[in-house]
Every structure is written in structure tokens, then in C-alpha cells.
Amino acid sequence: CTCISGYHGSSCQYKYCPFGTSWFSPPITSNIRETPLVPCSNMGYCDPFTGVCDCRDGYEGRACERLACPRVKFELAEMFTSNAIDVNILPSGGAQYSA
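Scoring rules and cut-offs
- Residues numbered from 1 in each chain as written.
- Predicted model: local features only at pLDDT ≥ 70, side-chain atom pairs only at ≥ 80, totals over all residues.
- Heavy atoms only, no water.
- Helix = DSSP H or I, 4+ residues; strand = E, 2+ residues; numbered from the N terminus.
- Buried < 20%, exposed > 50% of the residue type's maximum accessible area, 1.4 Å probe, protein only.
- Pairing = 2+ DSSP bridges.
- Disulfide = S-S within 2.5 Å.

(A) Quick peek at unusual backbone geometry. Backbone geometry places Cys-40, a non-glycine residue, at a positive phi of 55°. Take Cys-40: it is sitting in the loop between strand 4 (37–39) and strand 5 (44–47). Take Cys-40: its relative accessible area is 0%, and that puts it in the buried class. Of note, Ser-41 is a non-glycine position whose phi angle comes to about 55°, a positive value.

Structure, rendered in C-alpha cells:
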């Protein structure tokens, strides 16, 4: 059986995930590293039924080929009072004002 482009398996039931340059690979020599193209750039799980990469934390892109911007998680809920105006700083970076 010959599958149409993007599919594979004994009855063409699986989809290929996007390929990207591997984030890690063994060196060929002391100063040369092989950079093969692999599913999800070796930084995600390839769902063979949807053909979509589920990237590990810290990676993004169709083939998990990019580093994601760090998401800063912090708990900040302090109440400031100045000139009778209360400012509640929220974890999302926004602020609520009340007089």
C-alpha cells in the first residue's frame, strides 16, 4: 500500500508530525555535531492520529523548534494606599483602582 503524502502505517492510519532540527544529538567528531531533522525536534510528543506535536514546557512551534518565552509565575496581591486611592496589583500584571 502506498500512502498519500503526510500519512504512514500499514493502512495509512497515522499522520506524520512536523520535522525540525534536533535539539540534541551525539557529536560526530570532537567539533562537529550532526543535526538531523526529527519529529517535533525531539522536544515534544508526536500524536500519530492528529499529526500535531505536544511540546515540552519551554518549547513552542509546530515542530517544537523554538524556545518559548519564560512565563513568570508569582503571587503578588498587595494593597497600597496613597491619597485615599487603593491599588490592588494583580498576578496578571494588571491593576484595579478604587477611590
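Text resumes after the structure shown.
(B) Geometry of the pairing of strand 5. Bridging between strand 5 and strand 6 (residues 52–55) involves four bridges; their strand directions are antiparallel. Across the sheet, Tyr-45 pairs through a bridge with Asp-54, a residue of strand 6. Remark: four residues form the turn of the hairpin made by strand 5 and strand 6, two consecutive strands paired antiparallel; Gly-51 in that turn has positive phi of roughly 75°.

(C) A look at the state of the cysteines. Applying the stated criterion to the full structure yields four disulfides. Across a sulfur-sulfur distance of 2.1 Å, Cys-40 and Cys-53 are joined as a disulfide pair. Handedness of the Cys-40-Cys-53 disulfide follows from its S-S torsion of about -90°: it is left-handed. Residue Cys-40 is located in the loop between strand 4 and strand 5, and its partner Cys-53 is located in strand 6; the two are separated by 13 residues in the primary sequence. Neither residue differs from the other here; Cys-40 and Cys-53 are each classed as buried. Disulfide pairing is shown between Cys-55 and Cys-64; the S-S distance is 2.2 Å. Its S-S torsion of approximately -95° makes the covalent link between Cys-55 and Cys-64 left-handed.

Geometric descriptors of this kind do not, in isolation, establish any biological role.
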